[in-house]
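Report on the structure
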Amino acid sequence: MTFSTYAELNQKMIGHFQQGEFQQALELIEKEGASFPANRPLVDYWKMVSCARLDDRKRVIEIAENCLKDGVWFGEMMWRRSPSFASLQGDTEFERIVASSLALQEKDSPPSEPVCIKHFPTDYSKKSPLLIALHGNQNTAEGTLPFWRASVDSGFLLAVPQSSQAMFKGAFIWDDLEVSFRDVKACYESLRSEVDFDEQNVVLAGHSMGGLIAIQMALTGEMPVHGLVVNGPALPFGDEPEELDRLLPSARERGLRIYFVVGEKDTDIEQDEIRAFAERIKSAGILCELETVPGQTHDYNFAYDAPLQRALEFVRA
């Protein structure tokens, strides 16, 4: 096997696509993809988009049918918003596949109330602080729980909403910001109507892309939060530095407190950019800290528990 992790293979595929090397991309994913069975949906997605770019529609349909036969579905965002599938929109066979995939998705995950997992502290009361924590892209509410469970030991009511944007089976994303904000606010409003908590002591948190959503919502005031805690976050406002500058004074006036946690060996994020982002926030007069956790990567490890508890102590009103 040439690649030790799927992330390495994925980066190589991205590079081929950025260079327009679609034949090389297809040959690579067909050669190496089978080495990562746990990532089968993404491997097959790369195969399909590579074939689509090479105008091999028959092969796209064949790969998709094999996925469906094995119970692997893709969400409508994948079918409709992937640039590689633009030329296939309206094609009879392609539309048949999309319809079958969405039907399988509905059968597997029938429409219901939005997912929002709740965990209560042992000393729960109407004065308990609230932590709303967001999963990363291609994850679930259940999957991100390990990052945030230590908050319950710190006396927080923990709520973990799941994005309504399905990428594929078992993978949800926050790519549409408007929909993402709506999902998170719906979770908050649902909590307000169902349980008691200290509404003056609400903390918003997130991992990876969930961190970007949390940062943006906290800084823009989309939700009335007092604190923000993010672990290995993606960053917003990269193309709009002036928008960040505009938001910081009002965040300072609201008394927002912010804590960044990054793993020393987390190569999925731009650590220098996160440090610069944190310093920019500090220079605006906002209480902000950044903690680097020795030896840790983008994935959960119990070593992240103590930093989370320190973060919650820092941002707590």
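Note: the structure precedes this text.
Here goes a summary of the coordinates provided. Because the structure is a prediction, the values reported are computed rather than measured.

Further remarks concern the overall build of the protein chain. Secondary structure assignment for the protein chain yields 13 helices and nine strands. Its C-alpha radius of gyration of 21 Å places the protein chain within 12% of the 20 Å reference for a compact globule of 317 residues. Out of the 317 residues in the protein chain, the part that is buried amounts to 50%. Considering only intrachain contacts with a sequence separation of at least 6, the fraction spanning at least 24 residues in the protein chain is 73%. Placing the 31 positive and 49 negative side-chain charges of the protein chain at their respective mean positions leaves the two points 2 Å apart.

Between helix 4 (residues 57–69) and helix 6 (residues 92–108), the least distance of the axes is 10 Å, while the angle of their chain directions is 20°. Between helix 4 and helix 6, the angle falls in the class roughly parallel. Two packed elements cross with a definite hand, and for helix 4 against helix 6 that hand is left-handed. Each of Ile61, Ala64, Glu65 and Leu68 in helix 4 lies in contact with helix 6, whose residues at this interface are Glu93, Phe94, Arg96, Ile97, Ser100, Ser101 and Leu104. For the contact of helix 4 with helix 6, the residue count by class is six nonpolar, two polar and three charged.

Turning our attention to the sheet that holds strand 2 (residues 130–134). Pairing is mixed in the open sheet, where seven strands are placed in the order 1-3-2-6-7-8-9. The sheet is open, and its two borders are formed by strand 1 (116–119) and strand 9 (287–293), each paired with just one other strand. Adjacent strand axes in the sheet meet at a mean angle of 15°, parallel and antiparallel pairs treated alike. Its contacts with the sheet put helix 13 (residues 305–315) on strand 2, strand 6 (202–207), strand 7 (227–231), strand 8 (257–263) and strand 9, and the angle it makes with strand 8 is roughly 165°.

Locating alanine 34 in the fold gives a position in the loop between helix 2 (22–32) and helix 3 (40–53). According to the relative accessible area criterion, alanine 34 is exposed, its value standing at 70%. Placed 44 residues apart in sequence, alanine 34 and methionine 78 show a C-alpha to C-alpha distance of 21 Å.

One pass over the full model with this rule turns up 22 salt bridges. Linking arginine 59 and glutamate 62 is a salt bridge whose minimum nitrogen-to-oxygen distance equals 2.8 Å. Taken together, the positions of arginine 59 and glutamate 62, both in helix 4 and three residues apart, correspond to about one turn of that helix. According to the relative accessible area criterion, arginine 59 is partly exposed, its value standing at 22%. Between glutamate 93 and arginine 96 there is a salt bridge, and its shortest N-O distance comes to 2.7 Å.

Within the fold, histidine 207 resides in strand 6. Here histidine 207 falls in the buried class, since its relative accessible area comes to 6%. A distance of 2.9 Å separates a polar side-chain atom of histidine 207 from the backbone oxygen of histidine 298. Here histidine 207 is in contact with Leu134, His135, Gly136, Thr144, Phe147, Trp148, Asn231 and His298, once residues within four sequence places are set aside.

Below, the discussion takes up helix 1 (residues 6–18). For helix 1, with 13 residues, the first-to-last C-alpha span of 18 Å sits near the 18 Å given by 1.5 Å per residue. All of the buried residues along helix 1 are Tyr6, Leu9, Asn10, Met13, His16 and Phe17. The arc that holds the buried residues of helix 1, viewed along the axis, is 120°, so those residues lie on one side. Facing away from the buried side of helix 1 by more than 90 degrees, the exposed set consists of Gln11 and Gln18. Residues of helix 1 that are buried make contact with helix 2 and helix 3. At the C-terminal side of helix 1, glycine 20 shows a positive phi close to 75°.

Once that is clear, we can look at the packing of aromatic side chains. Aromatic ring pairs are reported here in terms of the distance separating the ring centres and the angle at which the planes meet. Applying the stated criterion to the full structure yields 17 aromatic pairs. Centre to centre, the rings of phenylalanine 74 and tryptophan 79 are 5.7 Å apart; their planes meet at 80°, and the pair counts as edge-to-face. Note on tryptophan 79: relative accessible area 2%, which makes it buried.

Before going further, it helps to examine the pairing of strand 7. Taking burial as the measure, the five residues of strand 7 include five buried ones, the bulk of the element. Across the two faces of strand 7 the burial is the same, with Gly227, Val229 and Asn231 and Leu228 and Val230 all buried. As paired elements, strand 6 and strand 7 share five bridges and run parallel to each other. Along strand 7, the bridge assignment pairs leucine 204 with leucine 228. The pairing of strand 7 with strand 8 spans five bridges and is parallel. When the bridges of strand 8 are listed, valine 229 appears paired with tyrosine 259. Once you follow strand 7 into helix 11 (residues 241–253) and on to strand 8, the crossover reads as right-handed.

Criteria and thresholds
- Residues numbered from 1 in each chain as written.
- Predicted model: local features only at pLDDT ≥ 70, side-chain atom pairs only at ≥ 80, totals over all residues.
- Heavy atoms only, no water.
- Helix = DSSP H or I, 4+ residues; strand = E, 2+ residues; numbered from the N terminus.
- Rg over C-alpha atoms; globule rule 2.2 N^0.38 Å.
- Buried < 20%, exposed > 50% of the residue type's maximum accessible area, 1.4 Å probe, protein only.
- Contact = heavy atoms within 4.5 Å.
- Lys, Arg positive; Asp, Glu negative; His and termini not counted.
- Charge placed at Lys NZ, Arg CZ, Asp CG, Glu CD.
- Axes fitted to C-alpha atoms, helices over the stretch in contact; angles between N-to-C directions.
- Parallel < 35°, antiparallel > 145°, perpendicular 65-115°, else oblique.
- Left-handed = near helix turned anticlockwise from the far one by under 90°.
- Nonpolar A, V, L, I, M, F, W, Y, C, P; charged D, E, K, R; others polar.
- Pairing = 2+ DSSP bridges.
- Salt bridge = Lys/Arg side-chain N within 4 Å of Asp/Glu carboxyl O.
- Polar contact = N/O pair within 3.5 Å; in protein donor to acceptor, adjacent residues only side chain to side chain.
- Expected span 1.5 Å × (residues − 1).
- Arc of directions from axis to C-beta.
- Phe/Tyr/Trp six-rings, centres within 6.5 Å; stacked < 30°, edge-to-face > 60°.
- Right-handed = clockwise from strand over helix to strand, strands pointing away.

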